[in-house]
Amino acid sequence: MTFKKTLIMLGVAGAMALPTLAFSQELRIGFSADALVLDPANHRNRATETIIRNMYDGLVTRDSGMTVLPELAESWTQIDATTYEFKLRAGVTFHDGSPLTSEDIKFTFDRLTKENAMGGQTSPRQSLLGPLKEVQIVDDLTVRLILETPWPILPAMLPFQEVVSKSFVESVGTDGMTDQVNGTGPFKLVEWRKGDSVIMERYDGYYGGAAGIEPVGNACVQRVIFKVIPENASRVAALLAGDVHIIDNLPPHMVKQVEANPDTRVMAVNGTRSTYVALNNQSGPFADIRVRQAFAHALDRQLIVDKILGGNATLINGILSPDAFGKNQNLPVLEFDLDKAKALLAEAGYPDGISVTLDVTGSDKETGEAIAAVLSKAGIQVSVVVGESSMLSTRFRTKGEPIDGEMYLTSWGNGSMDPVGIFEPTHRTADRGNSSGYANAAVDALLDAAGVETDRAKRAALYSEAEALAAADTPFLYLWVAQDLYGVSNRLSGWSPIPDSRINLHDACLN
Amino acid sequence: MNLGKFVERLLQLIPVLFGVSTIVFVMMLFTPGDPVDIMLGDQHVTEQMERALRHDMGLDLPPVERFFKFLGNAAKGDFGLSYYHRAPVAEVIASRLPATIELSLVALIIGLTISIPLGVLAAVKKNSMFDRIATVTSLFGISMPGFWFGILLLILFAVNLHWLPVAGRSGFSFEVEPITHLLLVDSLLRGRPDAFWDALKHITLPAITLGLPLASILMRVTRASMLDVLDRDYITFAEAKGLSRMKVIGKHALKNALIPTVTVAALQAGSLLGGSMVVETVFGWPGLGRLVVESIFVRNYPLIQAAVLFYAFTYVMLNFVADILYTVLNPRVKL
């Protein structure tokens, strides 16, 4: 009798333990793209970085407010204009159990910056480290990063890099690094089914993570799966069906569906992508500033944000996003004013209105048509033409050559939230992202000075001044910074989106 | 079968592959869009860095030189490195190919199993209500765009009914050691009925979406061919001999009626490769079609070139298979 009772008790205890063993602790993300490689140094792709970042930690990272925090480093100090010293945490191990030392840091950065250091190839991420010249090992847990020239944005750019294990890379080679992982991150690789999914599981020897991002410790969930679903409708369907718990790139017009579903909700975060209409400043009607300003006055941007983007965007009057470093908070606003618009057009020689063409990519077609509809109230006829993004890029981002087109609805991202990544490419004369042919030597000079200025306050002031100058010229119709939209399951807690579009799942829990 | 004919076909491959390579190369040359620019996206880089990347990708060479370098290497089996995957193109394609092959095969099977019985019945019951419905349905089947129909199926069966999964090729608790790299086959060979069932659930919706236009075409072909055969003298003779209707159709008519069906199926199998691009994108199927579409958008030239060569080769071979099948089924015709 006792034996039977014991068996029953064991059975009941086992059954109670079962839920914690089952894969209810498996967090699935419906992700819009696959990782290209799993080698942190061998790609140049945001989606790849998002996936890798869960398995490889970096010297520093960012929190949800985009503040740079120490991660594998315990602290850092700037010794002089070109030298930074980083103290590493003790007791950090890679997934294979080997300890992290400054040898690994030096190896990681040498591999990223030296020519042909990656099995005969140069790392495509080399330029993200700017003038980094060398890494010196001070002792087992201290390194110094030495720059060629002063580069104030080094801390802001370091979160883009992850630390690899010297011994591991030497044993598997760059080829092996493509699909094998040995990192210091909260999750380790189980399997990469290319094109289909990346399967990870919790690393129980995790050092705990950045001290500034609570809670510190092992990851909350047992397994994480990034499931690749590139098609928007399919991704949303997967969320609604409960197949996945987080989806990225939720299109604005599907927000209602996700909100209406009792098991899901939408999470939004201020993006880092500035959307604007580039106007051809070189030739045609927009060479005249009065026409450019007329269009700005004729465009009711808030209406478009409310109707097309569901209110999920913040208007901008200069190129920098509201939270960016150096943002000029006092830019003049070219308000929506139809009379002023018509008056300016008449003054510029278009008393009876004007006809122009707006080039857009397929995904921006709706927004383009909304812009056209709004502008028509001022007697402006806009014909919206859809083209492929790389072809439009070639026509407008001409590096100073003649532009083929009049208006181009486009955007530029700024993952580091530092102006150098967005202001320079889009506004500097003949730079690679300048789609309006804007050329102002004064602005160029300010940008150059800010690029090397090490004093933060002075640097911010330089960018603010540049932004004011540029805004006065109205080379673009500055539109908005759209929020990044994510759909999540109501079972999810401990996670919120970050402006740099990372999906870090260390603290995410599934209830 | 004559070995000489086979060799002749293989030799015909050479000008085809050369012609296809040249055309695709020229097309991509004149298509605006710079792979380096696309790869760098919104990143901020110096001129020097951009030049270094361009050199790394081999894009600073003049076009003619690039082309002949590619041909020379391709002849040795080296198709270059994919710009994005930083791995040999042949490897990347090979890793994604089994998924597309499996999807195409299942779609082909679905297409044949639906179309042949329906086509035969429609012909036998010509002009009946059944025939009319079948004909109109096949019209829908050919006309419905894959992305629309696929998403409809998704919404109905995956989201609303929860009967089938939304995307992907397999669930995550199933690991089957590959033998043929076809999940359905491997899971059976390894004695894993649970994995088989899971793979089957995942492949159902994409295969139906891909197979439906094929089924519609084949149904029409079967019906027309069956009607033609049923009209022939030898059928009338068989009926006059007193053979049952079933035997007449099943034994005498069917084999001949299926000749066009099978040959069209072999030819259409090539178009399954093309149709798979849309279906794979909708269903997140990790196959070659989706890889090629993505590569075109980012101008991943080496991968596009190699994939196009692969498709051309497959088409030529499928044509050859169709010709052989035809001679096998109809001994009066020689290759």
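Residues numbered from 1 in each chain as written. Chains lettered and ligands numbered in written order. Predicted model: local features only at pLDDT ≥ 70, side-chain atom pairs only at ≥ 80, totals over all residues.

1. A closer look at the overall build of chain B
Secondary structure assignment for chain B yields 13 helices and zero strands. The N-to-C order of helical and strand elements in chain B reads α-α-α-α-α-α-α-α-α-α-α-α-α. Referenced to the eigenvectors of the C-alpha coordinate spread, the extents of chain B come out at roughly 85 × 55 × 40 Å. Taking all 335 residues of chain B together, the buried fraction comes to 37%. (Helix = DSSP H or I, 4+ residues; strand = E, 2+ residues; numbered from the N terminus. Buried ≥ 20, exposed ≤ 12 C-beta atoms within 10 Å, placed from the backbone.)

2. Describing the overall build of chain A
A tally of helices and strands in chain A yields 15 helices and 19 strands. Scaling as 2.2 N^0.38, a compact globule of 511 residues should have a C-alpha radius of gyration of about 24 Å, and chain A matches this with 26 Å. Its C-alpha atoms put chain A at 100 × 55 × 40 Å along the principal axes. With 511 residues in all, chain A has 52% of them scored as buried. Taking the contacts inside chain A whose residues are at least 6 apart along the sequence as the reference set, 70% of them involve residues at least 24 apart. (Rg over C-alpha atoms; globule rule 2.2 N^0.38 Å. Contact = placed C-beta atoms within 7 Å.)

3. Observations regarding the packing of helix α1 (residues 3–30) of chain B against helix α13 (residues 301–329) of chain B
Residue and element names in this part refer to chain B. Viewed as axis vectors pointing N to C, α1 and α13 meet at an angle of 145°, and their least axial separation amounts to 9 Å. α13 is crossed by α1, and the crossing has right-handed handedness. Residue-level inspection shows Arg-9, Leu-13, Val-16, Leu-17, Val-20, Ser-21, Val-24, Phe-25 and Met-28 of α1 in contact with α13, the latter providing Tyr-301, Ile-304, Gln-305, Val-308, Leu-309, Ala-312, Phe-313, Val-316 and Phe-320. Of the residues assigned to the contact of α1 with α13, the class counts are 15 nonpolar, two polar and one charged. (Axes fitted to C-alpha atoms, helices over the stretch in contact; angles between N-to-C directions. Left-handed = near helix turned anticlockwise from the far one by under 90°. Nonpolar A, V, L, I, M, F, W, Y, C, P; charged D, E, K, R; others polar.)

4. Here's the deal with the pairing of strand β6 (residues 132–139) of chain A
Residues and elements named next belong to chain A. As paired elements, β6 and strand β7 (residues 142–147) share six bridges and run antiparallel to each other. Bridge pairing links Glu-134 to Ile-146 in β7. If you look at the hairpin formed by β6 and β7, you'll find two residues sitting between the two strands. (Pairing = 2+ DSSP bridges.)

5. As for the interface of chain A and chain B
Taken together, the contacts link 40 residues of chain A with 42 residues of chain B. Of all the secondary-structure elements, those providing two or more residues to the side of chain A that touches chain B are β9 (197–202), β10 (223–228), α6 (232–240), α12 (389–396), β16 (407–413) and α13 (423–427) of chain A. The element best represented in the side of chain A that touches chain B is α6 of chain A, accounting for five residues. Among the residues making up the side of chain A that touches chain B, the classes are represented as 18 nonpolar, 14 polar and eight charged.

6. Focus on the sheet that holds strand β4 (residues 73–80) of chain A
Residues and elements named next belong to chain A. Read from one edge of the open sheet, four strands run β4-β5-β7-β6, paired in antiparallel fashion. The two strands at the open ends of the sheet, each matched to only one other strand, are β4 and β6. Pairs of neighbouring strands in the sheet enclose a mean axial angle of 20°, with direction left out of account. When strand β5 (residues 83–88) meets β7, the two strands line up antiparallel, connected through five bridges. Looking at the pairing, Phe-86 lines up with Val-143 of β7. Helix α3 (residues 102–113) contacts β5, β6 and β7 of the sheet and is inclined by roughly 170° relative to β6.

7. A word on helix α9 (residues 193–230) of chain B
Taking 1.5 Å per residue, 38 residues should reach 56 Å; α9 of chain B reaches only 43 Å between its end C-alpha atoms and comes up short. When you tally the buried positions in α9 of chain B, you get 28 out of 38 residues, the bulk of the element. (Expected span 1.5 Å × (residues − 1).)

8. As for the nonpolar core
Core analysis: the largest hydrophobic core is formed by 154 residues, its most contacted members being Ala-237 of chain A together with Ala-107 of chain B. Broken down by element, this core gets its largest block of residues, 17 residues, from α9 of chain B. If we skip the residues at most four places from it in the chain, Ala-107 of chain B touches Ala-207, Leu-210, Gly-211, Leu-214 and Leu-272 of chain B. By size, the runner-up hydrophobic cluster in this structure holds 60 residues, among which are Leu-320, Leu-344, Ile-403 and Leu-446 of chain A. (Core = buried A, V, L, I, M, F, W, Y, C linked by C-beta atoms within 7 Å.)

9. Quick word on unusual backbone geometry
In this model, Glu-214 of chain A is joined to Pro-215 of chain A through a cis peptide bond whose omega is -15°. Within the secondary structure, Pro-215 of chain A sits in the loop between β9 and β10. Positive phi values are uncommon outside glycine, yet Asn-249 of chain A reaches one of about 50°. Among the secondary structure elements, Asn-249 of chain A is positioned in the loop between β11 (246–247) and α7 (255–260). Positive phi is not limited to glycine here, since Asn-127 of chain B has a value of about 65°. Assessed through the 9 C-beta atoms surrounding it within 10 Å, Asn-127 of chain B is described here as exposed.

10. Side note on the packing of helix α8 (residues 289–298) of chain A against helix α10 (residues 338–347) of chain A
All names here are of chain A. Two elements in contact, α8 and α10, have axes whose closest approach is 8 Å; the angle formed by their N-to-C orientations is 160°. Regarding the angle of α8 to α10, the classification is roughly antiparallel. Between α8 and α10 the crossing geometry is left-handed. Between α8, through Arg-290, Val-291, Gln-293, Ala-294, His-297 and Ala-298, and α10, the contact on the second element is made entirely by Leu-338, Lys-340, Ala-341, Leu-344, Leu-345 and Glu-347. When the residues that make up the contact of α8 with α10 are grouped by side-chain class, the tally is seven nonpolar, two polar and three charged. (Parallel < 35°, antiparallel > 145°, perpendicular 65-115°, else oblique.)

11. Structural notes on the confidence of the model for chain B
Here chain B averages 88 in pLDDT, and 99% of its residues register 70 or above. For this predicted complex, the interface confidence reaches an ipTM of 0.76, while the overall pTM sits at 0.82. (pLDDT = per-residue confidence, 0-100.)

12. With respect to α13 of chain B
Residue and element names in this part refer to chain B. Relative to the 42 Å expected for 29 residues at 1.5 Å per residue, α13 spans 42 Å between its end C-alpha atoms, a close match to the ideal helical length. If you check which residues of α13 are buried, you get Tyr-301, Pro-302, Leu-303, Ile-304, Gln-305, Ala-306, Ala-307 and Ala-312. Elements in contact with the buried residues of α13: α1, α2 (35–40), α4 (63–75), α5 (89–124) and α12 (288–297).

13. Comments concerning the environment of Val-16 of chain B
Looking at the element boundaries, Val-16 of chain B is found in helix α1. What Val-16 of chain B contacts, discounting residues up to four positions off in sequence, is Ala-312 and Val-316 of chain B.

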